[in-house]
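Reading the structure
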Amino acid sequence: MEGGGGSGNKTTGGLAGFFGAGGAGYSHEDLAGVPLTGMNPLSPYLNVDPRYLVQDTDEFILPTGANKTRGRFELAFFTIGGCCMTGAAFGAMNGLRLGMKETQNMAWSKPRNVQILNMVTRQGALWANALGSLALLYSAFGVIIEKTRGAEDDLNTVAAGTMTGMLYKCTGGLRGVARGGLAGLTLTGLYALYNNWEHMKGSVLQPSL
């Protein structure tokens, strides 16, 4: 009986040693006092340095000198594509409205469906081209101004929007240039004001406190 008990203990001890539980017996008090920094101890459960388990740095590796935020050149592709898709969707809905209005006196037939489809396609392409061109001009002016000034702020946004409106309406003469520049200045100015609203509100409330 004693032999059987001894062999059982040896088997248990061998299995415990194989799974890493047969080392030093750590109590809950000992484990609670194990630091994660400083002496770089090994984990009592895994033969791993606990420092590698702590996520105290950024998850992405950036090239040397690169910014953590995307610049205007990186955002240009998203801006142009988003404006093209938005214009196509808006134009398609507008084309459907116009097609239904122009063919309201026609019975539902193949000619009416073709006419509505042509209107949807035409309006979608028209609006996608218009918004895509505006986004391309705005992004190009923004990148050029950023590289020229060497800074990225709301002044670049307002200047790029104003120049985009002026160039887009340059075919309408001086009056068209003035209207386009004013429209671009107004839209980008409102956008810059929206982005800095919380900062401006905090600056106004801070002196009163």
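Computed from a predicted model, the values in this text were never measured in an experiment.

Some words on helix α4 (residues 110–149)
- Under the 1.5 Å per step criterion, the end-to-end length of α4 is 58 Å for 40 residues, consistent within 8% with the ideal 58 Å.
- Within two residues after α4, G150 carries a phi angle of roughly 75°, on the positive side.

Here we look at the packing of aromatic side chains
- Summed over all chains, the structure comprises two aromatic pairs.
- On the basis of an interplanar angle of 85° and a centroid distance of 5.4 Å, the ring pair of F73 and F77 is categorised as edge-to-face. Here the residue F73 and the residue F77 both occupy positions in helix α3 (residues 72–102), the gap between them amounting to four residues, near one helical turn.
- Taking relative accessible area as the criterion, F77 reaches 58% and is therefore assigned exposed.
- Seen in terms of ring centroids, F90 and W127 are 4.8 Å apart; in terms of plane orientation they differ by 75°. Their pairing is edge-to-face. Placement of the pair is F90 in helix α3 and W127 in helix α4, with a sequence separation of 37 residues.
- On the basis of relative accessibility, which here comes to 41%, the residue F90 falls in the partly exposed class.
- Taking the relative accessible area as the measure of exposure, W127 reaches 31% and is therefore partly exposed.
- For R112, the ring lying beneath its charged end belongs to W108, and the centroid distance is 4.1 Å.

Let's talk about the side chain of T157
- Mapped onto the secondary structure, T157 falls in helix α5 (residues 154–168).
- Look at T157 and you get buried, because its relative accessible area is 5%.
- Contact partners of T157, with chain neighbours within four places excluded, come to R72, Y138, T188 and Y191.

Things to note about the state of the cysteines
- Summed over all chains, the structure comprises zero disulfides.
- With no disulfide of its own, C84 lies 7.2 Å from the sulfur of C83, the closest cysteine sulfur.
- In this structure C84 comes out as partly exposed when scored by relative accessible area, which is 30%.

With respect to the confidence of the model for the protein
- Predicted confidence across the protein gives a mean pLDDT of 77, with 63% of residues reaching 70 or more.
- Per-residue pLDDT, averaged within each element of the protein, yields its smallest value for helix α1 (residues 2–18) (47) and its largest for α4 (93).

Brief notes about the layout of surface pockets
- In this structure, the largest pocket encloses a volume near 1,100 Å³.
- In terms of lining, the largest pocket is formed by 35 residues, of which the most central are R72, T79, Y138, T157 and T188.
- Here the lining of the largest pocket is composed, by residue class, of 12 nonpolar, 14 polar and nine charged.

Cut-offs used in this document
- Residues numbered from 1 in each chain as written.
- Predicted model: local features only at pLDDT ≥ 70, side-chain atom pairs only at ≥ 80, totals over all residues.
- Heavy atoms only, no water.
- Helix = DSSP H or I, 4+ residues; strand = E, 2+ residues; numbered from the N terminus.
- Expected span 1.5 Å × (residues − 1).
- Phe/Tyr/Trp six-rings, centres within 6.5 Å; stacked < 30°, edge-to-face > 60°.
- Buried < 20%, exposed > 50% of the residue type's maximum accessible area, 1.4 Å probe, protein only.
- Lys NZ or Arg CZ within 6 Å of the ring centre and 35° of its normal.
- Contact = heavy atoms within 4.5 Å.
- Disulfide = S-S within 2.5 Å.
- pLDDT = per-residue confidence, 0-100.
- 1 Å grid on protein atoms, 1.4 Å probe; cavity = no way out; pocket = protein on both sides within 12 Å on 5 of 7 lines; lining within 4 Å.
- Points joined across faces, edges and corners; volume = space filled by probe spheres on them.
- Nonpolar A, V, L, I, M, F, W, Y, C, P; charged D, E, K, R; others polar.

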